[in-house]
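# Observations on the model geometry
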Amino acid sequence: MDDLGVTGDLLDHETVRQLDENGFVILPRFLPSHQVQALRARLAALLVEEGERAGTEVNKEPGTMRVSDLVNKGKIFETCFTHPLLLAGVRHILGEFKLSSLSSRLPVAREGNQPLHADWQGGAPRPGDYQVFNSLWLLDDFRNDNGATRVVPGSHLWGHAPADAMADPTAPHPAEKLILAPAGSLVMFNGHLWHGGTRNRSGEPRQALHAYFTHRSNAQQLDQATFARPETLARLSLAARFILDV
């Protein structure tokens, strides 16, 4: 962590409070616009290049366009799993951790609605024993009509999954909030927080990168060591490779 610049003073009190109490925090305009545009362009090229294969390294989701295994698809994506402030947030929640997967998600017109869910399927842990952490790097504005992610603040503390408490997890929850933020924002959240994508009613772009982390003792969503390409390993620092567990 020291080699990646992850120091104890990166997270201010308010960021820690929101992560602990609400389960998420929004950092507006975290990336400069030129970097957002470059990420959009690279993902657009990958979607064309990969066609029907896009996203298959992890999973294809009906109604969305996904690209997976982004660690191997350009140096441009490195900041999304090595940025010191992000890693400080992950460490605060998980302690010892590694990257589980790095992918993108773009809901198409009139699609993208997900049931409320948590990212850990192994049962709801007690607070302080969390297993997963997720982050969204917003490449488009998240609005109330283009499929913005919904979250239920504080639900990471409840000790049960949406399906255990809701007759229909696709339905609205009375306490849910929409993540509304401009392109370039970073959203960090406890992976046990109830969340889900909403329907893209406008049909306009709403793309995000998902840097998903897990406790170091767990299996990865995408086995980074199996997929690692020689050219990827050659360009990554030893510290970055530690984050990937390769």
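Preceding this section is the structure that the text describes.
Reading across from one edge, S1-S7-S4-S9-S3-S2 is the order of the six strands in this open sheet, with antiparallel pairing throughout. In this open sheet, the two edge strands, each paired with only one partner strand, are strand S1 (24–27) and strand S2 (64–67). Looking at each pair of strands side by side, their axes are set apart by 20 degrees on average, direction ignored. Examined bridge by bridge, strand S3 (residues 97–107) and strand S9 (residues 208–215) share eight bridges and lie antiparallel to one another. Each residue of the ladder has a partner; that of Leu102, found in S9, is Ala211. The strands touched by helix H1 (residues 13–22) are S1, strand S4 (132–138) and strand S7 (186–190); relative to S1, the strand with the most contacts, the crossing angle is about 140 degrees.

On to the nonpolar core. Where a protein is soluble and globular, its nonpolar side chains tend to be buried together. If you look at the biggest cluster of nonpolar residues, it comprises 44 residues, and the most contacted ones within it are Phe81, Leu102, Phe133, Met188, Leu209 and Phe213. When residues in this core are grouped by element, the largest group, seven residues, is from helix H4 (residues 84–94). Those residues in contact with Leu209 that lie beyond four places of it in its chain are Leu39, Leu43, Leu70, Phe77, Cys80, Ser103, Ser104, Ser135, Leu136, Trp137 and Leu139. If you look at the next biggest cluster of nonpolar residues, it comprises 12 residues, including Leu136, Phe142, Ala148 and Ala208.

With that out of the way, let us pick up the pattern of salt bridges. Per the stated rule, a full pass over the model turns up 14 salt bridges. The salt bridge involving Lys75 is made with Glu78; its shortest N-O contact spans 3.7 Å.

A separate point is the pairing of S7. With five of five residues buried, S7 is to be regarded as a mostly interior element. Burial of S7 is two-sided: the residues Leu186, Met188 and Asn190 facing one way and the residues Val187 and Phe189 facing the other way are all buried. Pairing geometry for S1 and S7, over four bridges, is antiparallel. The residue bridging Ile26 from the neighbouring strand is Val187, located in S7. Two strands pair when backbone bridges link them, and S4 and S7 are joined in this way by five bridges, in the antiparallel orientation. Paired with Asn134 across the two strands is Phe189, which belongs to S7.

What follows concerns the packing of H1 against H4. It is the contact of H1 with H4, at a shortest axis distance of 11 Å, that shows an interaxial angle of 45 degrees. Accordingly, the angle class assigned to the pair H1 and H4 is oblique. Between H1 and H4 the crossing geometry is right-handed. Contact residues: Val16, Leu19 and Asp20 in H1; Gly89, His92 and Ile93 in H4. Its residues placed into classes, the contact of H1 with H4 shows three nonpolar, two polar and one charged.

For the rest of this paragraph, the subject is H1. Restricting attention to buried positions, one finds in H1 the residues Thr15, Gln18 and Leu19. Taken end-on, H1 shows its buried residues confined to a sector of 95 degrees, consistent with a single buried face. Buried residues along H1 sit against S1, H4, S4 and S7.

Let us look at the side chain of Asn134. Relative to the helices and strands, Asn134 resides in strand S4. Engagement of the side chain of Asn134 in a polar contact is seen with the side chain of Asp119, the distance being 2.9 Å. What Asn134 contacts, discounting residues up to four positions off in sequence, is Asp119, Val187, Met188, Phe189, Gly191, His210, Ala211 and Tyr212.

What counts and how
- Residues numbered from 1 in each chain as written.
- Predicted model: local features only at pLDDT ≥ 70, side-chain atom pairs only at ≥ 80, totals over all residues.
- Heavy atoms only, no water.
- Pairing = 2+ DSSP bridges.
- Helix = DSSP H or I, 4+ residues; strand = E, 2+ residues; numbered from the N terminus.
- Axes fitted to C-alpha atoms, helices over the stretch in contact; angles between N-to-C directions.
- Contact = heavy atoms within 4.5 Å.
- Core = buried A, V, L, I, M, F, W, Y, C linked by side-chain atoms within 4.5 Å.
- Buried < 20%, exposed > 50% of the residue type's maximum accessible area, 1.4 Å probe, protein only.
- Salt bridge = Lys/Arg side-chain N within 4 Å of Asp/Glu carboxyl O.
- Parallel < 35°, antiparallel > 145°, perpendicular 65-115°, else oblique.
- Left-handed = near helix turned anticlockwise from the far one by under 90°.
- Nonpolar A, V, L, I, M, F, W, Y, C, P; charged D, E, K, R; others polar.
- Arc of directions from axis to C-beta.
- Polar contact = N/O pair within 3.5 Å; in protein donor to acceptor, adjacent residues only side chain to side chain.

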